[in-house]
Amino acid sequence: MRPEARTRFAPSPTGLLHVGSVRTALFNYLFAKKNGGKFILRIEDTDRIRSKREFENGIMEDLRWLGLRWDEGPDAGGEKGPYRQSERIGIYTDTAGRLLENGLAYRCYCTQERLDALKREQLKAGSPPRYDGKCRTLSEKDVPAGVTPSIRFRVPEKRITFDDGVHGTLSFDSRLFGDFVIIGSDCIAAYNFAVVADDALMGITDIIRGDDHVSNTPRQILLFEAMGLRPPAFTHIPLVLDRDGAPLGKRHASASIKGLREEGFLPGAILNAIARLGWNPGEGRLGLDEMTGLFSVKRLSKSPSAFDMERLKAFNKEELARTDGAALLELAGLPVERGLLDAASAVKRNAITMKDFKTLITPFAGDVEISGDIRSMLMEPYARKVLDALRDSVFKAGLLDEMNYNEIIESVKQATGEKGKRLYLPVRGALTGQTEGIELAAILKLLGRDRVLKRISAFLA
RNA sequence: GGUCCUAUCGUCUAGAGGCCCAGGACGUGGCCCUCUCAAGGCCGAAACACGGGUUCGAAUCCCGUUAGGACCGCCA
């Protein structure tokens, strides 16, 4: 029987979570859920200088906000913890120690200077830069005193072939890379080593990660083999690019989840936009559970894709339209009241982001503030005439509803002789303080007779 | 420099040798509707990187070229 699927998302807390990493997280999450397995969050904070706890918290907050819940992680706990690499240093040392005992790794006393010089020469000679194995056969008596060694993995010469979930069979020659460091002279585990030790010990069965790790994979497979373990299944997904075709990095603030949230994008929309980068689950908005049902590595694309803001906007518009008024009011931090509920439902179709929604609902949520531009427009004689006529008309009308909106506007038209923008804009401006928004008939109705009269009067007084 | 990956409309993609003079979605242009912004309706422009093979037949398979990218660290 196939063991329970275990996938992991392993960000380093050195910046904000961006759409590229979220896609990786999403696919790992979907794969785990699809196969009834566990999704694990592991924090790769071995880089003490760049790693910050606030970034770690931010990443978890973003993940939770998006609805990507992990089964095991730094806060959630789990049997295979700890889930922060900084708390697993002993594990790496032990693992490396075992490799050392078996002769699968050795201590290297080479200085940084020698290594740098070696690399320079090799590059100059046009050969691939790699360690020459100087300390491979160092005998006890040749060990220099007072030097803290690094530990290098003794790379066996062989061809490494593995089956990648999206790329198919991939093959590498281990002679292309020299004996690489697994524990630095600062006693900190190197990336490739820590990852393998963790994936092995955490029982990760399937690794889904970016294409940029393809060339790390043969090294990692060698490490798994050295530990006497069967490597997990690897799936490398193409990188996400920005509009200019450059890989999406941490510098792109606009592509950070935090940034998108602040811009007023909803989790469902972001998830849908991201899911379609290299995956085609068909048209239409999908929930996480639906995505889970549809997910298949076989449907993943081989070529890189670009994150498209316009697409996100389209999804967000759809998301807003399908979210009910009460939920939107809550999101906007507004009281869920009857009057506002109707306004929320009326207004949401006109909004792309929550920012828009907040702007559009403002006229119904409290007193309007009239900006200078609109104020001066309202001071024009024609505008005052229109407002004056509107006040009379509304005053005479009973309740305001869509049936008598036409009559009211018609009578204002008659009384003033104005039409088009000169007729409608003063009305919209005085009632909402805005020059665009939902249709006027709805505005009159939602505002109600009293508020309409009050707002007009404020200008005529 | 070496190894490896990738290549269909502006973008995301459908396409597993004939169903494709390439389909959909977002965006975009025009028209209708209209007080505005949207929404909605209708119509349109828009792509198989290039060159060679293989085949009766190629977007699809093979090779090369070009272009982009990743990796080659005591960074992750």
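Numbering of residues begins from 1 in every chain and follows the order in which that chain's sequence is written. Going through the entries in the order they are written, you letter the chains from A and number the ligands from 1. Residues qualify for local features only when their pLDDT is at least 70, as the model is predicted, and side-chain atom pairs are given and counted only at 80 or more; totals for whole chains, interfaces and linings, by contrast, use all residues. Excluded from the side-chain calculations are hydrogens and water; all other atoms, namely the structure's heavy atoms, are used.

(A) Structural context of the packing of helix α15 (residues 381-396) against helix α17 (residues 421-432). Every axis corresponds to a line fitted to the C-alpha atoms, with the helix fit spanning only the stretch in contact, and the corresponding angles, defined between N-to-C directions, vary from 0 to 180 degrees. Counting from the N terminus, the helices are DSSP H or I runs at least four residues long and the strands are E runs at least two residues long. Running from N to C, α15 and α17 cross one another at 70 degrees; their axes reach a closest spacing of 9 Å. With respect to α17, the element α15 is oriented roughly perpendicular. In contact with Tyr382, Ala383, Val386, Leu387 and Leu390 of α15, α17 contributes Arg422, Leu423, Pro426, Val427 and Ala430. Roughly parallel here means an angle under 35 degrees, roughly antiparallel means over 145, roughly perpendicular means 65 to 115, and every remaining angle is called oblique. The contact rule is simple, with two residues in contact once any of their heavy atoms fall within 4.5 Å.

(B) Quick look at the packing of aromatic side chains. Pairing of aromatic rings covers Phe, Tyr and Trp, the last counted by its six-membered ring, and requires centre-to-centre distances within 6.5 Å; plane angles under 30 degrees mean stacked, over 60 mean edge-to-face, and any other angle means tilted. Evaluation of the coordinates by the stated rule reveals seven aromatic pairs. Seen from their ring centres, phenylalanine 27 and phenylalanine 295 are 5.5 Å apart, and the 40 degrees between their planes marks the pair as tilted. With a gap of 268 residues between them, phenylalanine 27 in helix α1 (residues 19-34) and phenylalanine 295 in the loop between α9 (288-294) and β11 (305-306) connect regions that are remote in the sequence. Here the two residues phenylalanine 27 and phenylalanine 295 agree in accessibility, since each one is buried. Here the aromatic rings of phenylalanine 162 and phenylalanine 172 are separated by 6.3 Å at their centres, their planes lie at 10 degrees, and the arrangement is stacked. Here phenylalanine 162 is found in strand β5 (residues 159-164), whereas its partner phenylalanine 172 is found in strand β6 (residues 168-173), with 10 residues between them in sequence. Exposure categories follow from relative accessible area, calculated using a 1.4 Å probe and restricted to protein chains: below 20% of the type maximum is buried, above 50% is exposed, and the middle band is partly exposed.

(C) Local environment of the pattern of salt bridges. By definition, a salt bridge exists where a carboxyl oxygen of Asp or Glu is found within 4 Å of a side-chain nitrogen of Lys or Arg. What the rule picks out here adds up to 24 salt bridges. The salt bridge involving lysine 38 is made with glutamate 4; its shortest N-O contact spans 3.4 Å. Taken together, the residues span a long stretch of sequence, with lysine 38 in strand β2 (residues 38-41) and glutamate 4 in the segment before β1 (6-9) at a distance of 34 residues. Since its relative accessible area comes to 29%, lysine 38 is described here as partly exposed. Accessibility expressed as a relative area gives 40% for glutamate 4, which makes it partly exposed. It is possible to trace a salt-bridge network through shared partners that takes in Arg8, Arg42, Glu44, Arg88, Asp198 and Asp199.

(D) Structural context of the side chain of asparagine 192. Summarising the element assignment, asparagine 192 is placed in helix α5 (residues 191-201). N or O atoms within 3.5 Å of each other form a polar contact, as long as, within protein, one can give a hydrogen and the other can take it, and as long as residues adjacent in sequence are counted only when both atoms are side-chain atoms. Here glutamine 220 takes part through its side chain, which lies 2.8 Å from a polar atom of the side chain of asparagine 192.

(E) Layout of the pairing of strand β8 (residues 206-210). A large share of β8 lies buried, amounting to five of its five residues. For two strands to pair, DSSP has to find at least two bridges joining them. Summarising the sheet, β8 and strand β9 (residues 233-237) pair through five bridges and their orientation is parallel. For isoleucine 207, the partnering residue across the bridge sits in β9 and is phenylalanine 234. Note on handedness: a crossover is taken as right-handed if, strands pointing away from the viewer, the path from the first strand over the helix to the second is clockwise. Crossover β8 to β9 through helix α6 (residues 217-226) is right-handed.

(F) Inspection of α17 at higher detail. Its 12 residues place the ends of α17 15 Å apart at the C-alpha level, agreeing with the 16 Å of an ideal helix rising 1.5 Å per residue. What α17 keeps buried is the set Leu423, Pro426, Val427, Arg428, Gly429, Ala430, Leu431 and Thr432. With its phi angle positive at about 75 degrees, glycine 433 sits one or two positions after the end of α17. Helix span, expected: 1.5 Å multiplied by one less than the number of residues in the helix.

(G) Seen up close, the sheet that holds strand β7 (residues 181-183). Spatial strand order, β3-β4-β7: three strands in an open sheet with antiparallel pairing. With one partner strand each, in any of the chains shown, β3 (105-108) and β7 form the two edges of the open sheet. Strand-to-strand twist across the sheet, computed as the mean angle between neighbouring axes with direction ignored, equals 45 degrees. Of the strand pairs in this sheet, β3 and strand β4 (residues 150-153) are connected by four bridges, and their pairing is antiparallel. The residue bridging cysteine 108 from the neighbouring strand is serine 150, located in β4.

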